[in-house]
Amino acid sequence: MAKFHFGRLILAGVLTTALAFVALDIHPAAAQAACESECTTGPTPTPTYSPSPSPSPSPIPSPSPSPNPYPSPSPTPTGADSSGNSIGGLANQRFNQMITNRVLGTVLLGVNEQVNCSDCISAFGSAGSFSAGIHGRKELTNNLSLLAGIAYTQYNEGGYKITSAPIGAFALRYDFTDWGSSRPFFDVGTILTPWEKARYTRSYDTSLGPVSVTSSTNASNYAVYGRAGWISRVSPRDEVAASIEVWQLWQRVSGYSDSAVAFNPFDASIATGTDRTNLVKIGGQWTHLFAGNIETNINGGWVQSFASHSGIVATVTGNGTVVPTMGNQGWFEYGGRLGFRVQKGWIVDLFANGTLGPQPVGNTIHGGVGLRINY
């Protein structure tokens, strides 16, 4: 029994071993078959990927920018210095105004007529600066004569314009007729313009462009003078004279501020003030009668101003208070008349007066026509 069992154990061990080898032989074959069906002997090439073209995006309109609730401030203009300097231009305009008013007033005092003549009256009108009026002379005694006249004028020059300006003038002349054909004479007189409308233009430059402001106000002019001269009747047809004159002029201008304009960053306010100047004139004249019926007169002289003063006190934005100076100046004044005796005692006159010199007086001319009646 023991042997039988031992043999059976040996047989069982042999069978177990045989089955193990069979199982080992079958498993590698199956694994190889599986590998051959799923694997290749070399590396598998990676397929190339060609992406399909992406569609171009439709253009999207840019939205309009919304307004900035905090806009950038406009650039600050410069030009305060130029605005301050323009006040000097106003002073020049007002100086020219005083001189022009005086030149027009001397026509009323017979500046284009001979020193000694009979009583007369003349109605006249002039252009260049519009003027219309009457003037004349009246012998009060053998030595003393009254010269007087009144006119309505308007004129403009260098940025200013004067309208509605009545001018009155009168003077007394003392002529030493009892001294003979060569003798001294003296005048004292005044020119008055108590009221006139004035417009002044102030111009200056800024970084954003030029500015020009024209403002309106009222003004008045006054002048007094004295004259000393020597007259000589060199022939029955000729009279010559030389003289020296001293004048004092005042001009009162009411205060005003710049008128409203679209752009005036450096505005100005002008206070009421009085301009003043003094003048000395050295001159002469010659009157001649041609052919018994044509009268001619030429006159002229050098004028020098002194002790001039501008009444402008301006408050200018960016500058504060500006007070311009008014310098002294010299210029030449001229005049002339051509008279036609149309009949006894009736003369038609053509005349002109003006100035020659640097600014602010400049070169001016005022011409006109008049009808003079001697009596």
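Our subject is the structure listed above.
Residues numbered from 1 in each chain as written. Predicted model: local features only at pLDDT ≥ 70, side-chain atom pairs only at ≥ 80, totals over all residues. Heavy atoms only, no water.

### Considering the sheet that holds strand β12 (residues 314-316)
If you trace the four strands from one edge of the open sheet to the other, you get β8-β9-β12-β13, paired in antiparallel fashion. In the strand order of this sheet, the two ends are held by β8 (256-257) and β13 (320-322), each with one partner. Relative to β13, β12 runs antiparallel, the two sharing three bridges. Across the sheet, the residue bridging to valine 316 is glycine 320, located in β13. (Pairing = 2+ DSSP bridges. Helix = DSSP H or I, 4+ residues; strand = E, 2+ residues; numbered from the N terminus.)

### Regarding the packing of aromatic side chains
Under the definition given, this model contains ten aromatic pairs. Taking the centre distance of 6.2 Å and the plane angle of 90° together, the rings of phenylalanine 95 and tryptophan 331 count as edge-to-face. You can see phenylalanine 95 sitting in helix α2 (residues 80-107) and its partner tryptophan 331 sitting in strand β14 (residues 330-343), a full 236 residues away along the chain. On the basis of relative accessible area, phenylalanine 95 is assigned to the buried category, the value being 1%. (Phe/Tyr/Trp six-rings, centres within 6.5 Å; stacked < 30°, edge-to-face > 60°. Buried < 20%, exposed > 50% of the residue type's maximum accessible area, 1.4 Å probe, protein only.)

### Here's the deal with the pattern of salt bridges
What the rule picks out here adds up to 16 salt bridges. The salt bridge involving arginine 183 is made with aspartate 175; its shortest N-O contact spans 2.6 Å. Judged by its relative accessible area of 5%, arginine 183 falls in the buried class. The exposure class of aspartate 175 is buried, given its relative accessible area of 3%. Note that arginine 337 and aspartate 349 form a salt bridge whose closest N and O atoms lie 3.2 Å from each other. One end of the pair, arginine 337, is in strand β14; the other, aspartate 349, is in strand β15 (residues 346-356), and twelve residues separate them in sequence. Using a relative accessible area of 7% as the deciding quantity, one classes arginine 337 as buried. (Salt bridge = Lys/Arg side-chain N within 4 Å of Asp/Glu carboxyl O.)

### A word on the pairing of strand β4 (residues 160-175)
Inspection of the sheet shows strand β3 (residues 144-157) paired to β4 by 13 bridges, in the antiparallel sense. Of the residues in β4, the one forming a bridge with asparagine 156 is lysine 161. Adjacent in sequence and paired antiparallel, β3 and β4 are bridged by two residues, among which glycine 158 carries a positive phi angle near 60°. Here β4 pairs with strand β5 (residues 182-206) via twelve bridges, running antiparallel.

### Some remarks on the sheet that holds β4
Spatial ordering of the closed barrel is given by β1-β2-β3-β4-β5-β6-β7-β10-β11-β14-β15-β16, a layout of twelve strands whose pairing is antiparallel. In this sheet, adjacent strand axes meet at a mean angle of 20° when their direction is disregarded. As paired strands, β14 and β15 are joined by eleven bridges and run antiparallel to one another. When the bridges of β15 are listed, phenylalanine 340 appears paired with valine 348. Lying on the sheet, α2 is in contact with β2 (130-139), β3, β4, β5, β6 (209-235), β7 (238-253), β10 (273-290), β11 (294-309), β14, β15 and β16 (364-374); it crosses β5 at an angle near 150°. (Axes fitted to C-alpha atoms, helices over the stretch in contact; angles between N-to-C directions. Contact = heavy atoms within 4.5 Å.)

### Side note on the environment of leucine 109
Within the secondary structure, leucine 109 is located in the loop between α2 and β1 (120-127). With a relative accessible area of 7%, leucine 109 lands in the buried category. C-alpha separation for the pair leucine 109 and alanine 171, spaced 62 residues apart in sequence, amounts to 7.1 Å. Leucine 109 has contacts with Leu147, Ala169, Phe170, Ala171, Arg173, Ile191 and Tyr225, leaving out every residue within four places of it along the chain.

Note that every value here comes from positions in space, so none of it alone points to a role or purpose.
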